[in-house]
Amino acid sequence: MIIWLNGAFGAGKTQTAYALQRRLPGSYVCAPEKAGYFLRANLPSGLRPSDFQDLPLWRALTADMLRFLAERHPGHIIVPMTLVNRAYYDEITGALSREHDVRHLIL
């Protein structure tokens, strides 16, 4: 199962993710924003949007990373990530939810 924790910045998503991980043996916390920071640091300034979520590459990488984990990791995947753009959320989780159990919780 992929558990997506969404909510406002500073709402406690990451702390909640790690608290949940302690209660779900074998679960793993995946933070897609780290991939966003990597892309921002490794792209020329002209290719860097102000929000890495606007990069189709980040959205594809996030979906592929979660798919990879869900197919190979036996435990739950916990994703603390704010997504306010519904189209981006649908793009990332659309195919995933057809293949895997994706639960979306808003804090």
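In case you missed it, the structure is sitting above this.
Please read these numbers as outputs of a predicted model, since none were measured by experiment. (Residues numbered from 1 in each chain as written. Predicted model: local features only at pLDDT ≥ 70, side-chain atom pairs only at ≥ 80, totals over all residues. Heavy atoms only, no water.)

Details of the overall build of the protein chain
We apply this condition: Helix and strand definitions follow DSSP, with helices as H or I runs of at least four residues and strands as E runs of at least two, each counted in order from the N terminus. C-alpha atoms define the radius of gyration in this analysis, and the globule rule sets the expected value at 2.2 Å times the number of residues to the power 0.38. When a residue's accessible area, from a 1.4 Å probe over protein chains only, is under 20% of the maximum for its type it is buried; when over 50% it is exposed; and in between it is partly exposed. In this description, accessible areas are obtained by the Shrake-Rupley approach with a 1.4 Å probe, and a residue is regarded as covered only by the protein chains that are shown. In this tally, Asp and Glu contribute negative charge and Lys and Arg positive charge; neither His nor the terminal groups of the chain are included. A charged residue contributes its charge at one atom only: NZ of Lys, CZ of Arg, CG of Asp or CD of Glu.
Looking only at helices and strands, the protein chain features 4 helices and 4 strands. Taking 2.2 N^0.38 as the reference for a compact globule, 107 residues should give roughly 13 Å; the C-alpha atoms of the protein chain span a radius of gyration of 14 Å, in line with that estimate. Along the first, second and third principal axes, the C-alpha set of the protein chain runs to 45 × 30 × 25 Å. A total of 107 residues make up the protein chain; the buried ones form 39% of that total. Summed over all atoms, the accessible surface of the protein chain reaches about 6200 Å², with 57% contributed by carbon and sulfur. Once the 12 positive and 9 negative side-chain charges of the protein chain are each reduced to a mean point, those two points are 7 Å apart.

A word on the packing of helix α2 (residues 33–42) against helix α3 (residues 56–72)
The criterion, for reference: Interaxial angles span 0 to 180 degrees and are taken between N-to-C directions of axes, which are lines fitted to C-alpha atoms, for helices over the stretch in contact. Oblique is the label for every angle not falling under 35 degrees (roughly parallel), over 145 degrees (roughly antiparallel), or within 65 to 115 degrees (roughly perpendicular). Two helices that cross are described as forming a left-handed crossing if the nearer one is turned anticlockwise from the farther one by less than a right angle, and a right-handed crossing if clockwise. Whether two residues touch is decided by their heavy atoms; if any such pair falls within 4.5 Å, the residues are in contact. Each residue gets one label: Ala, Val, Leu, Ile, Met, Phe, Trp, Tyr, Cys and Pro are nonpolar, Asp, Glu, Lys and Arg are charged, and the others, such as Gly, are polar.
Packing of α2 against α3 leaves a shortest axis separation of 10 Å and a crossing angle of 140 degrees. The angle between the axes of α2 and α3 places the two elements in the oblique class. Relative to α3, the crossing made by α2 is right-handed. Contact residues: Ala-35, Gly-36 and Leu-39 in α2; Leu-57, Trp-58, Leu-61 and Met-65 in α3. Of the residues belonging to the contact of α2 with α3, the class tally is 6 nonpolar, 1 polar and no charged.

Some remarks on the nonpolar core
Where we set the bar: Take the buried Ala, Val, Leu, Ile, Met, Phe, Trp, Tyr and Cys residues and link them wherever side-chain atoms come within 4.5 Å; each set so joined is a nonpolar core.
Ranked by internal contacts, the top residues of the largest apolar core, which has 21 residues, are Trp-4, Trp-58 and Leu-66. Where this core is concerned, the elements lending two or more residues are β1 (2–6), α2, α3, β3 (77–80) and α4 (86–99). Judged by nonpolar contacts, the second largest core, of 5 residues, contains Leu-5, Ala-17, Val-29 and Ile-78.

Structural notes on the layout of surface pockets
The test is simple: Using only the protein atoms, space was sampled on a 1 Å grid; points where a 1.4 Å probe fits but cannot get out form cavities, open sets with protein on both sides within 12 Å along at least five of seven lines form pockets, and lining residues are those with an atom within 4 Å of a point. Grid points are joined across faces, edges and corners, and a volume is the space filled by probe spheres set on the points.
Approximately 250 Å³ is the volume attributed to the largest pocket. Residue lining of the largest pocket: 14 residues in total, with Phe-9, Glu-33, Gln-53, Met-81 and Thr-82 positioned closest to the centre. Elements with a minimum of two residues in the lining of the largest pocket: α1 (13–23) and α2. Considered class by class, the residues forming the lining of the largest pocket number 6 nonpolar, 5 polar and 3 charged.

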